[in-house]
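# Reading the structure
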Amino acid sequence: MNKISTLLLSGLCLFSCSKTSKQENTVLLTINTISPINNSTVKQNTDTEFSWAVSGSDASEPVYYKIKIVEITQDQSPESALKTNKPIFEKDSIKAIKVVFPPPGGAGMQGLILDKKYVWQITGKQTLFTGSSDLSVFTVVR
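Let me begin by describing the structure that accompanies this report. Since the structure is predicted, the reported quantities are computational estimates derived from the model, not experimental observations.

What counts and how
- Residues numbered from 1 in each chain as written.
- Predicted model: local features only at pLDDT ≥ 70, side-chain atom pairs only at ≥ 80, totals over all residues.
- Heavy atoms only, no water.
- Salt bridge = Lys/Arg side-chain N within 4 Å of Asp/Glu carboxyl O.
- Helix = DSSP H or I, 4+ residues; strand = E, 2+ residues; numbered from the N terminus.
- Buried < 20%, exposed > 50% of the residue type's maximum accessible area, 1.4 Å probe, protein only.
- Phe/Tyr/Trp six-rings, centres within 6.5 Å; stacked < 30°, edge-to-face > 60°.

## Remarks on the pattern of salt bridges
Summed over all chains, the structure comprises three salt bridges. The residue Glu 90 makes a salt bridge to Lys 66 at a minimum N-O spacing of 3.1 Å. Here the residue Glu 90 occupies a position in strand β6 (residues 87-94), and Lys 66 occupies one in strand β5 (residues 64-72), the gap between them amounting to 24 residues. Residue class for Glu 90 comes out partly exposed when judged on its relative accessible area of 40%. Across the pair Lys 116 and Glu 71 runs a salt bridge, and its minimum N-O distance is 3.4 Å. Here the residue Lys 116 occupies a position in the loop between β7 (98-101) and β8 (117-125), and Glu 71 occupies one in strand β5, the gap between them amounting to 45 residues. Accessibility expressed as a relative area gives 33% for Lys 116, which makes it partly exposed. The buried category is assigned to Glu 71, whose relative accessible area is 17%.

Below you can see the structure in the form of structure tokens.
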């Protein structure tokens, strides 16, 4: 074989032999929180709509979302609170791009407490796409 044939075969092997698994091909979804926006306030004793937008997904299959809302205590960072505190609300396998809290029929569910600060985040997943929103913080007011 000459040098050109060897280089071509090597190149083909590099190209065709470098396949990766689906997991390695995972592409990030872009998820943006819409409401409540970061560093905003929400009124106590009202239904609060949490909404978000997504881009970069495969339109041929649904995106399944997870929402997590956690109270921030004392001098915690939002990141620390989200990782360590028990969620006041968490729901998985959501197909819509909004959730109302407290959910209809959520009897016995703790509402948002006056003067408390909360952080929320959305994660989304498809077969080849995954992503998380930035963290959004809000405070409950009268």
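From this point on, the discussion continues.
## Concerning the packing of aromatic side chains
For the structure shown, the criterion picks out five aromatic pairs. Summarising the aromatic geometry, the rings of Phe 50 and Trp 120 are spaced 5.0 Å apart at their centres and angled 75° between planes, so their arrangement reads as edge-to-face. Here Phe 50, found in strand β4 (residues 48-55), pairs with Trp 120, found in strand β8; they are 70 residues apart in sequence, far enough to count as distant. Ring pairing ties together the aromatic residues Phe 50, Tyr 118, Trp 120 and Phe 138, which thus form one cluster.

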